[in-house]
Each structure stands twice: as C-alpha cells, then as structure tokens.
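Structural features, examined
Each chain is listed here by its residues.
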Amino acid sequence: MSRALPPPRHLRTLGLAATGLLLIGLAPAAPSAAKTVPVAAPAPESAQSPATIPGVDEIASSPNMRLVANTPIGEPLNTSVNSDLAFQGRYVFVGNYNGFQIHDIARPERPKLVSQVLCPGSQNDISVHGDLLFLSTDSPRSDDSCASDRVNPDQTAWEGIKIFDISDKTAPRYVKSVQTACGSHTHTLVPARARNTVYLYVSSYGPSDTYVGCARPHDSISIIKVPVKNPTASSVVAVPNLFPDGGYEGRPGGSATSGCHDITVYPEKDLAAGACMGDGILLDIADREAPRVINRVRDTENFAFWHSATFNNAGTKVVFVDELGGGGAATCNATVGPNRGANAVYDLSGKGDARKLTFRSYFKIPRANADTENCVAHNGSLLPVKGRDIMVQSWYQGGISVWDFTDSTKPKEIGYWERGPLSDSELTFGGTWSAYYYNGYIYSSDTIKGLDILEINDPRTASAKLTRYREFNPQTQPSYRSR
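What you are looking at is a predicted structure, and each value in this text was computed from that prediction instead of being measured. (Residues numbered from 1 in each chain as written. Predicted model: local features only at pLDDT ≥ 70, side-chain atom pairs only at ≥ 80, totals over all residues. Heavy atoms only, no water.)

It is worth spelling out the nonpolar core at this point. One finds L85, F87 and Y443 to be the most contacted residues of the largest nonpolar core, which totals 29 residues. Residues in contact with L85, not counting those within four places in the same chain, are V92, F93, V94, I126, S434, Y436, Y443, S444, S445, L451 and P474. Ranked by size, the runner-up nonpolar core spans 18 residues in total, among them A273, I294, F320 and L357. (Core = buried A, V, L, I, M, F, W, Y, C linked by side-chain atoms within 4.5 Å. Buried < 20%, exposed > 50% of the residue type's maximum accessible area, 1.4 Å probe, protein only. Contact = heavy atoms within 4.5 Å.)

Here it is, written out as structure tokens:
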C-alpha cells in the first residue's frame, strides 16, 4: 500500500488526531514473509551487492547477515510510522509518531509486545533511564496531554518533552511535561555526575516569529534537569546559545543553521558532537548545564543537512550524517553520486579547547536503489568491537549497512540487509529509521514494517557479543574499552 511522504518540517509530522492514552497488551506477531534473494559469497574485505535491485518486498543480504524476527506495528499505532529506539535490560522501546511500544526481547527470535501507548506528537523520539521514559513532541498540539489535537503553530500551541513512569512495563504512566522552545525534534539523555539527576539536551529547529518561544534566529538548545526520584520537578534550567554568530547562512541545496537536529554525547569523555543543519560542532560538556562549542566544521560542497553524529570508542573520530532530501527522497543512485546523502568521517585530534575535527572521507552504501525508494544516511551506532571502528546504520529503503571505518580514509561495507522497494511505480516513504546493535543483535525500527531483529555472524564482529549493556540510549554513547 502506498503511503504519502512525510511533509518537510516544521516538523516532519505524520499527525493523526488522538483520542487519548491507550495501553494495549498483545500476543507476539508472526514474522512477515518475504522472498529472499540469494547473494554470492562476499569478497574478504567487503560485502558484495546484488547485481540487480531486489523486487518489491524481496530481501537481499550479504551471507553474514540474517533476519531473526519481525514484529509488525500493531493497532492503533499502525496508522502512523515507527521512529527511534531505546533499550533497557530485556526490553526495547520503539517510538512511533502516534506514541510508543515496549517489546520483551529476552528471546530475540520471539519478541513479545508488552504494551503500546497512544500519544500522538511526532516524532516521539525516545530515551529511557531507570523507571523513566522521555518522549519528544515536535508538532504543535492543543495541550500537553495524550488526547491533544494538532493545531496551527501559534502562541498557544504546546511542544516539548513528555515523561512517563515505566516501572510497570505493562502500564506506563504519564507523569510530567516540560515545554521547550520550538518543541523537541530530538533529545539526548545526559547523565549528571550525581546519580540522582539526568539532563536532557533538547534539539529543535525551524524557527518562526509567530510561533510560541521559537522566534528567529533560534541558535540554541534547551537543557532540562530531571531529578530522577522526583520527575515532576523537571524543568528547563538553561538555554545555551551555540551559535552567537548566527551559524551557517545556508545556500541552494544546503541548510542554514537555525538550531540543531541531533546531539550525541560521550559522557565518559565530557564530549558531545552536534549535527546542526548547516554546521557540525564539537562540544565540551564537563559542565552539563553549560556546554561549550570548541570546534566547528562545515561542508559547503556536499552536505545538505547535518543530521546526526557518532563517536568511535576511542573518541578520536566522529561520523557525521547528511540527511539529503530530509529522508523522503531517492538519493542512493548514480545521479546523486557517492558523496551526497552520505556519512563524513572526521578525525578528532588535540587536547582541551584545542581539539579539532579534520575531514578524512565519505561513506555511502555501494548499492544503487530504485527511484521509487527513499534512501539516505540515517541513524546508527557502533558495534562494540575492540580494536576496530565498526558501525551499523539505517538507510531507509536502502536497508541496513554494517561498515568499518577503522581506516578513516578508506571506510568499507562488511555486511548489509535490505528489503526491495515498497512500490515499483511511485516514490513511497518507508524503510528503516534506526538500526542499533544491542547485546548480540541488530534492532531495526522499520517505519512501515515494524521491528526487525537481525544477526551478523562475521569474525570481524564476533567480539561484540561479549559486551552487554543494562541500558542503551544510542545518542548517549557508552564506552566499552574497559569491558
């Protein structure tokens, strides 16, 4: 079935009117059936691509990757699309433009849907900490409830962060909201030095002089302080201006900076990398309430929209993502080429405020996609492979790629898995939004197909299975050096 592409900002919202907060416990769904396209064994150093583009809903993959399970999006959330993921113990939390889902993944081959929460407010970016779950609302709502309606972006609209108590995974409770300037497109959980506090770095963009708290130029982020034992006391404690000079002014085909899209923090190193539309930035976050920009980079030739970032484990590299076309365009083709809608690998060198980012290379999946497939670099995370820099990443309908950037100048793909296009006749939005490695498996939030669970079996990634996390929010990057 064809689905309309999400509209371009304010916010890429696939909004539907809400009727309230709804919790539903469901039995596990059977994996979806799809025809598999066999692929020849790969060359030693890279994954081979299929000779032709797979047909509608066909699966193609390198021999070292396989689908373990699929759980479709259940009612009532299946009227919208899935977004980001967070993990805790035996559970994966799946954001959806209409709310979120909790799955029990104690047995990854048989995931169980524990509960669903109906709470529209695109894009419902998600993170968890202990008994708390945080949800981003980035579409103007009539109020802060889960029964709100979408309204025009004026001085009365509400956007921001919703906080849920998830001590009972079968019945999450909405306990607090915090309004933020320009809403919350994404947010990043930042642990404080004291265990009784966490912070949320709230990223938003798309300022308007007629919109509540979102006047131009909007060169800031919002910082929310959350007392873990008293979440109802959460509040905005700082709104630091990251771009006193206004940031990148933009160009045809390249976004101006007017806020940030996403921030990844590396708390152990007191560092963060911000992807801020027209700028990539490196921040010192030693003072959690006063992050400081210590280096800034731009790509005025190939990058259209600085979307997200990932550190390597040593903290000596940063991968920035260019979401050319906003996730709704077909950019994995010969016309667009290998350097646009790609990743850019930067080396990070120096000490203290003298640290700087230096560009080394681009990486884009080596497979051409059909012109009916939205395909561009999107969310991913490291595999905890000691001694190497290996990442898994979503590419919407381009599928899931596992790639090695140990050599910053010569990144290469070592595995992939993808479905064929949703349509062979028209450009149709779909594919994987996020792909993250967690405790031995790759979890993919497919916008249309639901939760995919995959496994990679490769000697180059085998050591990753030795690392186990109790909690994992991908934009809060953990270290696995000492494990």
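There's more to say after this.
So, about the packing of aromatic side chains. Taken as a whole, this structure holds 23 aromatic pairs when the rule is applied. Measuring from centroid to centroid gives 4.7 Å for F359 and Y362, while their planes differ by 55°, and the two rings are tilted. Among the aromatic residues, those joined into a ring-pair cluster are F87, Y436, Y438, Y443, Y469 and F472. In this arrangement the basic side chain of K269 is found over the ring face of Y266, its NZ or CZ atom lying 5.6 Å from the centre. (Phe/Tyr/Trp six-rings, centres within 6.5 Å; stacked < 30°, edge-to-face > 60°. Lys NZ or Arg CZ within 6 Å of the ring centre and 35° of its normal.)

The buried fraction of strand β12 (residues 186–191) amounts to 5 of the 6 residues, a majority that puts the element mostly inside the structure. Alignment of β12 against strand β13 (residues 197–203), held across 6 bridges, turns out to be antiparallel. Looking at β13, one finds that T186 is bridged to S203. Connecting β12 to the next strand, β13, in antiparallel fashion are 5 residues. (Helix = DSSP H or I, 4+ residues; strand = E, 2+ residues; numbered from the N terminus. Pairing = 2+ DSSP bridges.)

The next point concerns the sheet that holds β12. Reading across the sheet, the 4 strands line up as β12-β13-β14-β15 and stay open at both edges, with antiparallel pairing between neighbours. Taken across any chain shown, the strands that pair with only one partner, and hence form the sheet edges, are β12 and β15 (235–238). Along the sheet, successive strands turn relative to each other by an average axial angle of 35°, direction set aside. Bridge count between β13 and strand β14 (residues 222–227): 6 bridges; the pairing is antiparallel. (Axes fitted to C-alpha atoms, helices over the stretch in contact; angles between N-to-C directions.)

Right, let's talk about the pattern of salt bridges for a bit. Oppositely charged side chains can pair when the atoms bearing their charge come close. Across all of its chains, the model carries 23 salt bridges by this definition. In this structure, the salt-bridge partner of E413 is R367, at a minimum N-O distance of 2.5 Å. On the criterion of sequence distance, the pair formed by E413 in strand β27 (residues 412–419) and R367 in the loop between β23 (356–363) and β24 (380–383) is long-range, its members being 46 residues apart. The shortest N-O distance in the salt bridge between D446 and R419 comes to 3.5 Å. Separated by 27 residues along the polypeptide, D446 in strand β29 (residues 441–446) and R419 in strand β27 bring together distant segments of the chain. Each member of the pair, D446 as well as R419, is classed as buried. One network of salt bridges, in which partners are shared, links D245, D279, R296 and R298. (Salt bridge = Lys/Arg side-chain N within 4 Å of Asp/Glu carboxyl O.)

Let's shift gears to the environment of K410. Relative to the elements of secondary structure, K410 occurs in the loop between β26 (400–404) and β27. For K410 and H187, which are 223 residues apart along the polypeptide, the C-alpha to C-alpha distance reads 31 Å.

Averaged over the protein chain, the pLDDT score is 91; the fraction of residues at 70 or greater is 90%. Across residues 1–44, where pLDDT falls below 50, the model places 123 contacts with residues more than four positions away in sequence or in other chains. (pLDDT = per-residue confidence, 0-100.)

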